[in-house]
Amino acid sequence: MAKGACRMAGLIVCDVDEVVLHFVSAFRAFLESEGFTLNPKSYALTGNVRRAGEEEPAGQAEVSRLLDRFYAANADRLRPVPGAVETLQALSRTYEIAFLSNIPEVYIDLRNQNLKAIGLDFALTGNRGPKGPAVRALKWASAAERVVFLDDSPRHIRSVRAEVPDAFTIHMIADHRFRALVGKVAEADLMAASWREARPAIEALAARS
Ligand SMILES: [Mg+2]
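Note that the coordinates shown come from a computational prediction; the quantities given were computed from them, not determined experimentally. (Residues numbered from 1 in each chain as written. Predicted model: local features only at pLDDT ≥ 70, side-chain atom pairs only at ≥ 80, totals over all residues. Heavy atoms only, no water.)

## Things to note about the overall build of the protein
The condition that has to hold: Working definition: helices are DSSP H or I runs of at least four residues, strands are E runs of at least two. Numbering for both runs from the N terminus. A radius of gyration in this sense is built from C-alpha atoms; the matching globule rule multiplies 2.2 Å by the number of residues raised to 0.38. Using a 1.4 Å probe on the protein chains alone, a residue whose accessible area is under 20% of its type maximum counts as buried, one over 50% counts as exposed, and one in between counts as partly exposed. We call two residues in contact when some of their heavy atoms are within 4.5 Å. Computed with the Shrake-Rupley method and a 1.4 Å probe, the accessible areas treat only the protein chains shown as cover for residues. Here Asp and Glu are counted as negative and Lys and Arg as positive; His is not counted, and neither are the chain ends. Where a charge lies is defined by one atom per residue type: Lys uses NZ, Arg uses CZ, Asp uses CG and Glu uses CD.
Counting secondary structure elements, the protein contains eight helices and eight strands. For 209 residues, the compact-globule estimate of 2.2 N^0.38 gives 17 Å, and the C-alpha radius of gyration of the protein, at 17 Å, lies within 12% of that figure. A principal-axis box enclosing the C-alpha atoms of the protein has dimensions of 60 × 35 × 30 Å. Counting all 209 residues of the protein, 50% fall into the buried class. A sequence separation of at least 24 residues applies to 66% of the contacts in the protein between residues at least 6 apart. Carbon and sulfur atoms provide 52% of the accessible area of the protein, an area that totals close to 10,000 Å². Between the averaged position of the 27 positive side-chain charges in the protein and that of its 26 negative side-chain charges there is a distance of 3 Å.

Listed below in structure tokens is the structure:
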């Protein structure tokens, strides 16, 4: 990992679901095939999943069961978010790249296959809970001076801001309905609507080194 320390512009730590791969749209399609709907009124899955025709949302246990079945059938076949593959491939010439995902550990290998199949052969690390401590550890292991962190979850952006204060944090989420529910995340250096917006900011950082 230390290969990059002297030559690379830094380390990009990138979330997977909703940043690199379309999770929400695939999960929504799965739910509909199972007789459920996903109409978000808040930035969460639980509370927004309903059995068709029912007013009361499905509880945590049922959403977890649905998620588990979804991952088992789909963890290796999600579609890439537009721009993700070409941008990360291009940035890998100047940055070390690491994926960091809170997908359940049991599906990490399938998710890795998914990423490799679309041309993103970068190390994937599994995580539980807020991502700040894991990003701090990845930074330490790589000896990178600069860290760029991308995630769709405001909670992880805040955690990374707290643990790695000088990281450049980018909020990005592919699903437009969930995006509309996220207000300004104060701890994000950039609220990017797409990879097309994120890429020049990350390249500008590299040019500063
Ligand atoms: Mg995500």
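Back to the write-up after that little detour.
## Notes on helix H4 (residues 108–117)
Definition in use: The arc in question is traced by the directions running from the helix axis to the C-beta atoms.
Those residues of H4 that fall on the buried side of the exposure criterion are Ile108, Arg111, Asn112, Asn114 and Leu115. Along the axis of H4, the buried positions cluster into a sector of 155°, meaning they face one direction only. Residues of H4 that are exposed and point more than 90 degrees away from the buried face comprise Asp109 and Ala117. Those residues of H4 that are buried are in contact with helix H2 (60–74), strand E4 (95–101) and strand E5 (123–126).

## Regarding the confidence of the model for the protein
Detail in the predicted coordinates should be disregarded across regions flagged by low pLDDT. Quick reminder of the rule: A score between 0 and 100, pLDDT records how confident the predictor is in each residue.
Residues with a pLDDT of 70 or more make up 96% of the protein, whose mean pLDDT is 94. Confidence drops under pLDDT 50 across residues 1–6; counting only partners more than four residues distant or on other chains, this segment forms six contacts.

## So, the pattern of salt bridges
Let me state the cut-off plainly: Between Lys or Arg on one side and Asp or Glu on the other, a salt bridge is scored when a side-chain nitrogen of the former is within 4 Å of a carboxyl oxygen of the latter.
For the structure shown, the criterion picks out 14 salt bridges. Two residues, Lys131 and Asp15, come together in a salt bridge whose shortest N-O distance is 2.9 Å. Of the two residues, Lys131 sits in the loop between E5 and helix H5 (132–142) while Asp15 sits in the loop between strand E1 (10–14) and helix H1 (24–33), which places them 116 residues apart along the sequence. For the pair Lys131 and Asp15, one class covers both residues: buried. Between Glu34 and Arg69 there is a salt bridge, with the nearest N and O atoms lying 2.8 Å from each other. Within this pair, whereas Glu34 is found in the loop between H1 and strand E2 (36–38), its partner Arg69 is found in helix H2, the two being separated by 35 residues in sequence. Three or more residues are tied together by salt bridges with common partners; here these are Asp15, Lys131 and Asp151.

## Notes on the coordination of the magnesium ion
Under the convention used in this document: Counted as donors are N, O and S atoms no farther than 2.8 Å from the metal, or 3.2 Å for Na, K and Ca; water is not among the atoms, and sites may therefore look incomplete.
Of the protein atoms, only Asp15 (OD), Asp17 (O) and Asp152 (OD) coordinate the magnesium ion, at distances of 2.0 to 2.3 Å. Here the donor residues for the magnesium ion map to a single chain with the spacing D-x1-D-x134-D. Separated by 137 residues along the polypeptide, Asp15 in the loop between E1 and H1 and Asp152 in the loop between strand E6 (147–151) and helix H6 (154–163) bring together distant segments of the chain. Considered together, Asp15 and Asp152 belong to a single accessibility category, that of buried residues.

## Side note on the packing of helix H3 (residues 84–91) against helix H8 (residues 195–207)
How we decide: Note on geometry: axes are lines fitted to C-alpha atoms, helical ones only across the stretch in contact, with angles between N-to-C directions running from 0 to 180 degrees. Angles below 35 degrees are treated as roughly parallel, those above 145 as roughly antiparallel, those between 65 and 115 as roughly perpendicular, and all remaining angles as oblique.
Running from N to C, H3 and H8 point in directions that differ by 10°, and their axes come no closer than 10 Å. Judged by the inter-axis angle, H3 sits roughly parallel to H8. Contacts between H3 and H8 pair Ala84, Glu86, Thr87, Leu88, Ala90 and Leu91 from the former with Trp195, Arg199, Ile202 and Glu203 from the latter.

## Regarding the domain arrangement of the protein
Filter applied, for reference: Per the annotation, domain bounds derive from an automatic or database assignment of domains. The quantity reported as buried area is the accessible area (1.4 Å probe) lost by two parts once they are put together, taken as the sum for both.
Considered domain by domain, the protein is made up of domain 1 (2–22 + 78–207) and domain 2 (24–74). Inter-centroid distance (C-alpha atoms) of domain 1 to domain 2 is 25 Å. The interface of domain 1 with domain 2 comprises 20 residues on the first partner and 17 residues on the second. For the pair domain 1 and domain 2, the summed buried area comes to about 1,400 Å², and 59% of that belongs to carbon and sulfur atoms.

## Let's talk about the sheet that holds E1
What counts here: Only when DSSP finds a minimum of two bridges between them are two strands counted as paired.
In space, the six strands of this open sheet follow the order E5-E4-E1-E6-E7-E8, with parallel pairing throughout. Bordering the open sheet on either side are E5 and strand E8 (190–192), each of which pairs with just one other strand. Each strand axis lies, on average, 25° off the axis of its neighbour in the sheet, ignoring direction. By the bridge criterion, five bridges tie E1 to E4 in an arrangement that is parallel. Within the sheet, the bridge partner assigned to Leu11 lies in E4 and is Glu96. Its contacts with the sheet place H5 against E1, E4, E5 and E6, and it is angled at close to 150° to E1.

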